[in-house]
Amino acid sequence: MLSFQKKSAIFSQGEPTDGVFFVRKGKVRLSVVSEAGKEATLGILSEGDFFGEGGLAGQLIRMSSAIAMTDCVLLHVEKTALMQTLSLEPKLSAMFVKYLLKRNIRYQDDLVDQLFNSSEKRLARVLLLMAHFGKKGVSEMSVPRLSQETMAEMVGTTRSRVSFFMNRFRKMGFINYDVGDNLHVHSSLLNVVLHDDDGTSRISQIKNASGHTRRSVEPPARRGAIPDKERARRPPLSSLKRARS
């Protein structure tokens, strides 16, 4: 068992692989840096997640970095010990394989999300997944606040558009981040994800203080990106649709 304080490095990109981590408590951010120095966030992990398993597939060095977003308690298992245990414990092996398959499905959903959904829906989906939407009996969930630059990396858009949509979600009551270091996500945000794209925003008109409606002007998308109105229409992603049912 290892303890890490908030913002401390668990491992860095390029370091030798030395086993797998399991999150017992807290949240971990995985990121990668290009040769040009550009950083991208791969995902946010929490209790019950594994990470650093690349060494099991033959990777000799870490392909990403892991940072503790909160105070964390992690279980570290060396590669040799884990491989021996998986060969001796069929139930553990089946559980581990199932977890890896579910993560693979998540990565496929992420790719489809980038290709087909508008930046507004992609941001809503990221917030819901970070909050582990779908837990029975929970209508509002809290997640550590991320910078708008980090969220823009995860969504694949610009910081100005993230700021625009976050303010819109807050005005509509889908999220709340006025107090403390946590972002509160309400289950009603799922409405943004489940609506089909039709070339216009689902909540483009917001009432001002006087009760009149005004149409918000969205900031431009990243240069070279597919305009939101030209993205193909598709069914809601299966993971969030299942969570709703």
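Just so it is clear, the structure is predicted and the values come from calculations on it, not from any experiment.

Of note, Lys-7 is a non-glycine position whose phi angle comes to about 75°, a positive value. Its location among the elements puts Lys-7 in the loop between β1 (2–4) and β2 (9–11). Its relative accessible area of 69% is what places Lys-7 among the exposed residues.

This part is about the sheet that holds strand β3 (residues 20–25). Pairing within the open sheet is antiparallel, and its four strands lie in the order β1-β8-β3-β6. The open sheet is flanked by β1 and β6 (50–51), the only strands paired with a single partner. Note: β3 against β6, two bridges, orientation antiparallel. Across the sheet, Phe-21 pairs through a bridge with Phe-51, a residue of β6.

Looking now at the pairing of β3. Sheet topology places β3 next to strand β8 (residues 72–77); five bridges connect them, and they run antiparallel. Within β8, the position partnered with Phe-22 by the bridge is Leu-75.

As a further point, take the nonpolar core. Among the nonpolar cores identified, the biggest contains 32 residues, and Leu-127, Met-166, Phe-169, Ile-175 and Leu-189 are the most heavily contacted of them. The set of elements that each furnish at least two residues to this core consists of α3 (119–130), β9 (140–144), α4 (148–155), α5 (159–171), β11 (182–186) and α6 (190–194). In terms of residue count, α3 provides more of this core than any other element does, six residues in total. The residues contacting Leu-127, other than those within four sequence positions of it, are Met-151, Met-166, Phe-169, Ile-175, Leu-183, Val-185 and Leu-189. Grouped together as the second largest cluster of nonpolar side chains are 13 residues, Ile-10, Val-28, Ala-66 and Cys-72 included.

Conventions and cut-offs
- Residues numbered from 1 in each chain as written.
- Predicted model: local features only at pLDDT ≥ 70, side-chain atom pairs only at ≥ 80, totals over all residues.
- Heavy atoms only, no water.
- Helix = DSSP H or I, 4+ residues; strand = E, 2+ residues; numbered from the N terminus.
- Buried < 20%, exposed > 50% of the residue type's maximum accessible area, 1.4 Å probe, protein only.
- Pairing = 2+ DSSP bridges.
- Core = buried A, V, L, I, M, F, W, Y, C linked by side-chain atoms within 4.5 Å.
- Contact = heavy atoms within 4.5 Å.

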